[in-house]
Amino acid sequence: MGERGFPKFRASQILDWVYDKFVVDISQMSNLPDGLKKVLASELSWEMPTVSTEQKADDGSLKVALELADKGIIESVLITAAHRMTLCVSTQVGCKMGCKFCATGKLGFVRDLTSAEIVAQIFWAAKTCQEQGKRLSNLVYMGMGEPLDNYDATLFSVRMAKKFFGLGAKRIVVSTCGLPAGILKLANDEPNLKLAISLHSAVEKQRRELMPMAEKHSLPELKKALFTFAKNSPFKITFEYILIPNINMDKTSARALISYLGDLPAKINFISYNKVDGLDFVSPNEKEIAKFCANFACTSLRFTLRNSQGSGVQAACGQLAGSKRTKK
């Protein structure tokens, strides 16, 4: 504002309109002079992704398909729980990682989202929560794409979430399939957040079969990076482990996981595989889950069997595919 000859307090007024009142229509910013409105209109883009379709699951989760300026589609999920409203945010259109159990991986990679497109998802969620008399409380980078493969835009959006959406470090989780270089960079740039690792197997050959990116990044290389992050961060590292019968739920897989995580400040989220159309994997039954989890009962590892919300509308872990579906 100062560089353009306007009083500096105008900056606070604009930020108040956008991040407190959720207004992006310049004509509605009633306390701004016409000259400033013309500058804002000519120098900045105010275009927002549009809600193409939305689906609400029985558990209250709301999934939206957002159409971008280039007609690309991404999906975001607003997850409702007793005392929290959590946004699962996307960072790319499609994904390069090609994980065999993931719907997004089937799409292939289209492009990175801009920082504005990531922040726009947070804006949509915060506004939606406000309209419901609630508040966006948590942010998880677990939607479409690999956050650390779009590092700069992801980091910018994290800092925006902290500064303008009131989300503290313990309420932001950045998930990665395990890119060591990105983890090391994050350890230096922004370690004051929660890190989640999509591990899914601590057996090297098995992990490479499930996650092709692991061919380039071995488990020892990943662990070395995690030790560095752990030294810089106040939080335990969460490890996401999708339970797939006849793949990674045998005793050998359990022992490998216990050994791999034993000397890390770790906690584990076990997640039942969510069915994806066109993939042959199946979900485990309760008996299979109990048998696998019994391997960890006598260890010091903290683990949780996590319920994936939104599976009824293909909004659970691994099911986001950026497709237009019927509005419900």
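Quantities reported herein were computed from a predicted structural model and do not represent experimental measurements.

What counts and what doesn't
- Residues numbered from 1 in each chain as written.
- Predicted model: local features only at pLDDT ≥ 70, side-chain atom pairs only at ≥ 80, totals over all residues.
- Heavy atoms only, no water.
- Helix = DSSP H or I, 4+ residues; strand = E, 2+ residues; numbered from the N terminus.
- Rg over C-alpha atoms; globule rule 2.2 N^0.38 Å.
- Buried < 20%, exposed > 50% of the residue type's maximum accessible area, 1.4 Å probe, protein only.
- Contact = heavy atoms within 4.5 Å.
- Areas by Shrake-Rupley, 256 points an atom, 1.4 Å probe, with all protein chains shown as cover.
- Lys, Arg positive; Asp, Glu negative; His and termini not counted.
- Charge placed at Lys NZ, Arg CZ, Asp CG, Glu CD.
- Core = buried A, V, L, I, M, F, W, Y, C linked by side-chain atoms within 4.5 Å.
- Axes fitted to C-alpha atoms, helices over the stretch in contact; angles between N-to-C directions.
- Left-handed = near helix turned anticlockwise from the far one by under 90°.
- Nonpolar A, V, L, I, M, F, W, Y, C, P; charged D, E, K, R; others polar.
- 1 Å grid on protein atoms, 1.4 Å probe; cavity = no way out; pocket = protein on both sides within 12 Å on 5 of 7 lines; lining within 4 Å.
- Points joined across faces, edges and corners; volume = space filled by probe spheres on them.
- pLDDT = per-residue confidence, 0-100.
- Salt bridge = Lys/Arg side-chain N within 4 Å of Asp/Glu carboxyl O.

Visitor: Looking at this structure, how should I read the overall build of the protein?
Guide: A tally of regular secondary structure across the protein gives 10 helices and 12 strands. Taken against the 2.2 N^0.38 rule, which gives 20 Å for 328 residues, the C-alpha radius of gyration of the protein at 21 Å falls within 12% of a compact globule. Considering the protein as a whole, with its 328 residues, one finds that 52% of them fall into the buried category. Summarising the internal contacts of the protein: among those between residues at least 6 apart in sequence, 65% fall at separations of at least 24. By element, 51% of the accessible surface of the protein is carried by carbon and sulfur atoms, the whole surface being about 15,400 Å². Taking the 44 positively charged and 32 negatively charged side chains of the protein as two groups, their mean positions are separated by 5 Å.

Visitor: It is not clear to me how the nonpolar core should be interpreted in this structure. Could you clarify?
Guide: General note: in soluble globular proteins, nonpolar side chains tend to be found buried as a group. Formed by 99 residues in total, the largest nonpolar core has its most connected members in F101 and L261. Among the elements that take part in this core, helix 4 (residues 115–131) stands out by supplying 8 residues, more than any other. If you look at the next biggest cluster of nonpolar residues, it comprises 6 residues, including V77, C88, V140 and A196.

Visitor: Whenever I open this one, the packing of helix 4 against helix 5 (residues 151–164) confuses me. Can you help?
Guide: Axis angle and axis distance: for two packed helices, these are the angle between their axes and the distance between the axes, and together they describe the pair. As a packed pair, helix 4 and helix 5 sit with axes 8 Å apart at the nearest point and diverge in direction by 35 degrees. Crossing hand, helix 4 versus helix 5: right-handed. Contacts between helix 4 and helix 5 involve S115, I118, V119 and I122 from the first element and A153, T154, F156, S157, M160 and A161 from the second. Split into classes, the residues belonging to the contact of helix 4 with helix 5 amount to 7 nonpolar, 3 polar and no charged.

Visitor: Sorry, what's going on with the layout of surface pockets here?
Guide: The gaps of empty space that remain are located by a probe, the size of a water molecule, rolled over the atoms. In this structure, the second largest pocket occupies an estimated 770 Å³ of space. Mapped onto the lining of the second largest pocket, the elements with two or more residues apiece are helix 1 (9–20), helix 2 (34–43), helix 4 and helix 5. In terms of residues, the lining of the second largest pocket owes the most to one element, helix 4, which gives 6 residues. Class assignment for the residues of the lining of the second largest pocket results in 21 nonpolar, 3 polar and 4 charged.

Visitor: How should I be thinking about the confidence of the model for the protein in this particular structure?
Guide: Fine structural detail should not be taken from predicted coordinates in areas where pLDDT scores are low. Summing up the model confidence of the protein, the mean pLDDT is 91 and the portion of residues at 70 or higher is 94%. The low-confidence segment residues 309–316 (pLDDT under 50) makes 29 contacts with residues lying over four places distant or belonging to another chain. Low pLDDT, under 50, characterises residues 318–328; the stretch is placed with 45 contacts to residues that sit more than four places away or in other chains.

Visitor: Looking at this structure, I do not really get the pattern of salt bridges. What am I missing?
Guide: This structure, assessed with the given rule, holds 13 salt bridges. Between E67 and K71 there is a salt bridge, with its nearest N and O atoms 3.3 Å apart. A salt bridge links E190 to R159, with the shortest nitrogen-to-oxygen separation between them at 2.9 Å. Taken together, the residues E190 in the loop between helix 6 (180–189) and strand 9 (194–198) and R159 in helix 5 connect sequence positions 31 residues apart. Residue R159 is classed as partly exposed on the basis of its relative accessible area, which comes to 40%.

Visitor: Is there a simple way to think about empty space enclosed by the protein in this case?
Guide: The full count for this structure, using the stated rule, is 1 cavity of 30 Å³ or more. In this model, the largest cavity occupies a volume close to 30 Å³. Looking at the largest cavity, the residues that line it are L148, Y151, T154, L155, V158, V174, L186 and L193. Among the elements that make up the lining of the largest cavity, the one with the highest residue count is helix 5 (4 residues). Of the residues belonging to the lining of the largest cavity, the class tally is 7 nonpolar, 1 polar and no charged.

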